[in-house]
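Per-entry structural report
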Amino acid sequence: MSAVPAAPPDAAAMQAVGSGAARGWQPTACILCECNCGIEVRLGGEDGRRFERIRGDKAHPASKGYTCEKALRLDHYQNGRAGRILSPLRRRADGTFEEIDWDTAVAEIAERLRAVQEAAGPGVGGEAIFYYGGGGQGNHLGGGYGNALLRAVGGKFRSSALAQEKTGEFWVNNKMLGTMVRADFEHAEVAVFVGKNPWQSHSIPHARTTLKEIARDPARSLVVIDPRRTETAELADFHLQVRPGTDAWLLAALAGVIVQEDLVAHSWLAQHAADVEDVVEALSAVPVAGYCAHSGVDEALVRAAARRIAGATGGVAVFEDLGVQMNRHSTLVSWLEKLVWVLTGNFGRPGAQYAPSNLVDITAGGKVRGKTPVLGLPLISGLVPCNVIAEEILTDHPARYRAMIVESANPAHSLADSKSMREALAALDLVVVIDVAMTETARLAHYVLPASTQYEKWEATFFNFEFPRNVFHLRAPLLEPPDGPLPEPEIHARLVEALGVVTEDDLAPLREAAAGRGGSGPDRGDTLQPPGGRAAFAAAFFAATAANPALGAVAPVFLYRTLGPTLPHGAAAAAVLWAAAHKCAQANPDGVRRAGFCGSPIEAGEQLFEAILASPSGLVITDDEYDESWRRVRTADGLIHVTIPELLDELWGLATEPAAPDPDWPFVLSAGERRSFTANTIMRDPAWRKRDAAGALRVSPSDASRLGLVDGGRARLTTRRGGGEVTVEVDDRMQAGHVSLPNGLGLDSPSEDGRPVVTGLAPNELTSASDRDPWAGTPWHKHVPARLEPVA
């Protein structure tokens, strides 16, 4: 297929398609971390499909031209060696695959989904069908349509990478504030990073620029809690170099100093908080000296950091990340981290924590929404804990999962205990994978459905956390897909229709209402509708879903098939954003108005939706004042509830928890470190890594010397679940007894002669699903007991 770049949704860009300007700079976004920085791409090469040049997009209202080095390598995602799938595949009895057409694939999958429902019986039915994924760091539009497919089959159980990283923090946020929080590092007097190295993992706007600005300013301070002397730690005023896995003791000591030295913001707490007494009692009893010794950090340094945090008048911003969220006591650590900034009054003001608006709330408020069917574990944010998925399958329990739909995810590689996950996938009656490449999970599927890449379709991310001006970016495709792959919304819509949930009779009245707005479908060119022009469609839509609740359950597909074709430049996938824009306008009327969208909530929602379609570099969706954060606190009394009773016993229990390491496993492995050229598993072409091509194991000089290891040499790494050979990098930033592997390694990709080549060691060949947090079920990837031996 010829590479004709698709146009952004503005008239000037549309007129440029087909001309020389079509090969000019085109706006889109990076897809390698949650920041999704705006970038511009210049296409080139013989076929016009190469990402010839990439630069930051200065018109993007959040990133404003900033980008890190990873984004500059995105051609390896679009055009690298990755084993791309170009046709639906069906697995044969011998394990090989054959190409089939889309109609056959959709019909057979729908038939087998019905068979799973019948086999599960009337008490379970579609709840035996499990959905995993729904997007990575930059592709979230398809997930909304995937949820519609899950509801169409009567399913309710789902999960994603959030459930092996963030659900503990989501639950703590819900208990304390009833909403998610982020932090304002741009204006903070003191920045605190807990298990977080934003120099490499980013997650904050203009990460490296912001870090350097804080480090250069004598009136500001940087506090880092991390076992490794990371790039961020090297900039820090206070590096609390914690012993691996002892973050809970260190944070308890930090909060204990705040209470015991009476550094608490008493008047602020009296006005804004509740349930303070039990926490103060527990922290008053913390043996600060003993906990500092246990965590390996000098007590004087901990006390100095606590005093700096408590004494800041310009705000304290705190960010916890995977270093503690995938570690021992992770949910307790999330609570203790928040106690540090709550006890010092750092919420709802510049430079402190805030509650952002959202277009789509990916956290679902952090609420517990049921239990898993077999083990009965809580579904925080409605998500099944990733570490129990295999256990929920490998059983004879009548309510076990019997089928799995996997979208834009690779659980056979990315979840703890890959061996168990592969066994679980093999035990299922049906596995359907929707993806761009032939992943490790796709090879175990019964059907593989090829998706367009993120630059061949309309796409967006719901990681919209900026404040006070929150930003959303709907990205137009840069390229047409090759023959075969389809965008995920189209795939899900076809499956829902094949299941008979949505019929042409259901769609016809809404299609007429949508077309009656003055358009004639996809040939409308660059015409955008006047605000309020969808009134007839809205009335018909709400009437139809009220009359038939089954249609409401699959509303994204309903919108895609009716409103979608009327949207400009083929942006049908954006139809789901129409409802999201209206919900945002109703939930945030003042912020939406300050962002420039006025009138009644309905009028403002229509204006916002039109602006989303017409903003190729993104737009500000809400412009908030700082006290808006307080209006987003969802506790019954509007106060921050400081005590979480469920975690108090765990806090008290730190004093008696055994500390002796197992001599058979003298090392602690951090499995999945973020580095300059790691990006989960989305980048399958190993050539994208300019450094650390083999994904080396980082080892301290003292350990290397003792074991006779040399930089660039080989060693054998073993855990209770597995082992393998690794390349060694002797790194003086590592503590003795601590070793680290990068994330995103152990993938295979086709070599130049077509044979699969595996680069590096897959971390989850070494991890155990049973090592998990008792509350959220999140894995202990950053604390894996291990042995290390030289290779003869």
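What counts and how
In every chain, residue numbers begin from 1 and rise along the written sequence. In keeping with the model being predicted, local features are shown solely for residues with a pLDDT of at least 70 and side-chain atom pairs are shown and tallied solely at 80 or more, while totals for entire chains, interfaces and linings include all residues. Remark: hydrogens and water are excluded; side-chain values derive from all non-hydrogen atoms of the structure. When DSSP finds two or more bridges between a pair of strands, those strands are recorded as paired. Here a strand is any run of E in DSSP of at least two residues, a helix any run of H or I of at least four, and the numbering for each starts at the N terminus. Note on contacts: a residue pair is in contact if any heavy atoms of the two residues lie within 4.5 Å. Where helices are involved, their axes are fitted lines through C-alpha atoms of the stretch in contact, as for all axes, and angles between N-to-C directions lie from 0 to 180°. Here a polar contact means two N or O atoms within 3.5 Å. Within protein one must be a hydrogen donor candidate and the other an acceptor candidate, and residues neighboring in sequence count only if both atoms are side-chain atoms. For salt bridges, the criterion is a side-chain nitrogen of Lys or Arg within 4 Å of an Asp or Glu carboxyl oxygen. Using a 1.4 Å probe on the protein chains alone, a residue whose accessible area is under 20% of its type maximum counts as buried, one over 50% counts as exposed, and one in between counts as partly exposed. For our purposes a nonpolar core is just a set of buried Ala, Val, Leu, Ile, Met, Phe, Trp, Tyr and Cys residues, chained together by side-chain atoms within 4.5 Å. Any angle that is under 35 degrees is reported as roughly parallel, and any over 145 degrees as roughly antiparallel; angles of 65 to 115 degrees are reported as roughly perpendicular and all others as oblique. For this classification, the nonpolar set comprises Ala, Val, Leu, Ile, Met, Phe, Trp, Tyr, Cys and Pro, the charged set comprises Asp, Glu, Lys and Arg, and every other residue, Gly included, is treated as polar. For this analysis, a ring pair means two rings from Phe, Tyr or Trp (six-membered ring only for Trp) whose centres lie within 6.5 Å, classed as stacked if their planes differ by under 30 degrees, edge-to-face if by over 60, and tilted for the remaining angles. Any Lys NZ or Arg CZ found within 6 Å of a ring centre and within 35 degrees of that ring's normal is scored as a charge over the ring.

Moving on: the sheet that holds strand S17 (residues 403–407). Taking strand neighbours across the sheet as the criterion, the 7 strands line up as S5-S4-S19-S18-S17-S6-S7 in an open arrangement whose pairing is mixed. The sheet is open, and its two edges are formed by strand S5 (97–99) and strand S7 (158–159), each paired on a single side. As judged from the 2 bridges shared by strand S6 (residues 129–133) and S7, these two strands associate in the parallel manner. By the bridge assignment, Tyr132 is partnered in S7 with Ser159. Packing against the sheet, helix H4 (residues 141–152) makes contact with S6, S7 and S17, and its axis sits at approximately 175 degrees to S6. Helix H18 (residues 488–498) rests against S6, S17, strand S18 (430–435) and strand S19 (447–450) of the sheet, and its axis sits at about 150 degrees to S18.

Attention now goes to the side chain of Asn139. Looking at where Asn139 falls in the secondary structure, it is placed in the loop between S6 and H4. Within the structure, Asn139 has its side chain in polar contact with the side chain of Ser408 (distance 3.2 Å). Polar contacts involving the side chain of Asn139 include one to the side chain of Gln454, which spans 3.3 Å.

This part is about the pattern of salt bridges. All told, the structure shown has 57 salt bridges when counted by the stated rule. The shortest N-O distance in the salt bridge between Glu337 and Lys338 comes to 2.8 Å. With relative accessibility at 3%, the residue Glu337 sits in the buried group. With a closest N to O distance of 3.3 Å, Arg698 and Glu729 form a salt bridge. One end of the pair, Arg698, is in strand S24 (residues 697–699); the other, Glu729, is in strand S26 (residues 723–730), with 31 residues separating them in the sequence. Bridged by salt links that share partners, the residues Arg228, Glu673, Arg675, Asp692, Arg698, Glu729 and Asp731 form one connected network.

Within the largest apolar cluster, 206 residues are counted, with the highest numbers of intra-cluster contacts made by Leu74, Trp335, Phe347, Leu474 and Leu577. Among the elements that take part in this core, helix H8 (residues 247–260) stands out by supplying 11 residues, more than any other. With residues up to four places along the chain from it excluded, the contact list for Leu474 reads Leu141, Trp458, Glu459, Ala460, Ala574, Leu577, Ile612, Leu613, Ser615 and Pro616.

Read across the sheet, 4 strands follow the order S11-S10-S9-S13 without closing on themselves; strand pairing throughout is parallel. Edge strands, defined here as strands with exactly one partner in the open sheet, are strand S11 (238–240) and strand S13 (316–320). For this sheet, the mean inter-axis angle between neighbouring strands, taken without regard to orientation, is 10 degrees. Where strand S9 (residues 190–194) and S13 come together, 5 bridges link them in parallel fashion. Residue pairing for S13: Ala191 is matched across the bridge by Ala317. Strands S9, strand S10 (221–225), S11 and S13 of the sheet are contacted by helix H12 (residues 299–311), whose axis makes an angle of about 130 degrees with S11.

This next bit is on the packing of helix H10 (residues 277–284) against helix H27 (residues 645–653). It is the contact of H10 with H27, at a shortest axis distance of 10 Å, that shows an interaxial angle of 10 degrees. With respect to each other, H10 and H27 are oriented roughly parallel. Where H10 abuts H27, its residues Asp278, Glu281, Ala282 and Leu283 lie against Leu648, Leu651 and Trp652. Of the residues in the contact of H10 with H27, the class split is 5 nonpolar, no polar and 2 charged.

Turning our attention to the packing of aromatic side chains. Using the criterion set out here, one finds 22 aromatic pairs in the structure. Judged by centre distance (4.7 Å) and plane angle (10 degrees), the ring pair of Phe185 and Phe193 falls under stacked. The exposure class assigned to Phe185 is buried, which follows from its relative accessible area of 4%. Lying across the ring of Phe319, Lys196 places its NZ or CZ 4.7 Å from the centre. Note that Arg787 overlies the ring of Trp665, its terminal NZ or CZ placed 4.2 Å from the centroid.

Let us now look at unusual backbone geometry. With an omega of 5 degrees, the peptide bond running from Phe467 to Pro468 counts as cis. In this structure, Pro468 sits in the loop between S19 and strand S20 (469–472). Of note in the backbone geometry, Ala364 takes a positive phi value of approximately 50 degrees without being a glycine. Its place among the elements puts Ala364 in the loop between strand S14 (353–354) and strand S15 (368–371). Phi at Ser381 takes a positive value of approximately 60 degrees, unusual for a residue other than glycine. Mapped onto the elements, Ser381 comes out in the loop between strand S16 (378–380) and helix H15 (389–393).

At a closest axis distance of 7 Å, the pairing of H4 and helix H22 (residues 555–562) adopts a crossing angle of 120 degrees. Between H4 and H22, the interaxial angle falls into the category oblique. Counted together, Gly144, Tyr145, Ala148 and Arg151 of H4 and Pro556, Val557 and Tyr560 of H22 form the full contact between these two elements. A class-by-class count of the residues in the contact of H4 with H22 yields 5 nonpolar, 1 polar and 1 charged.

That's the geometry; what it means functionally is another story.
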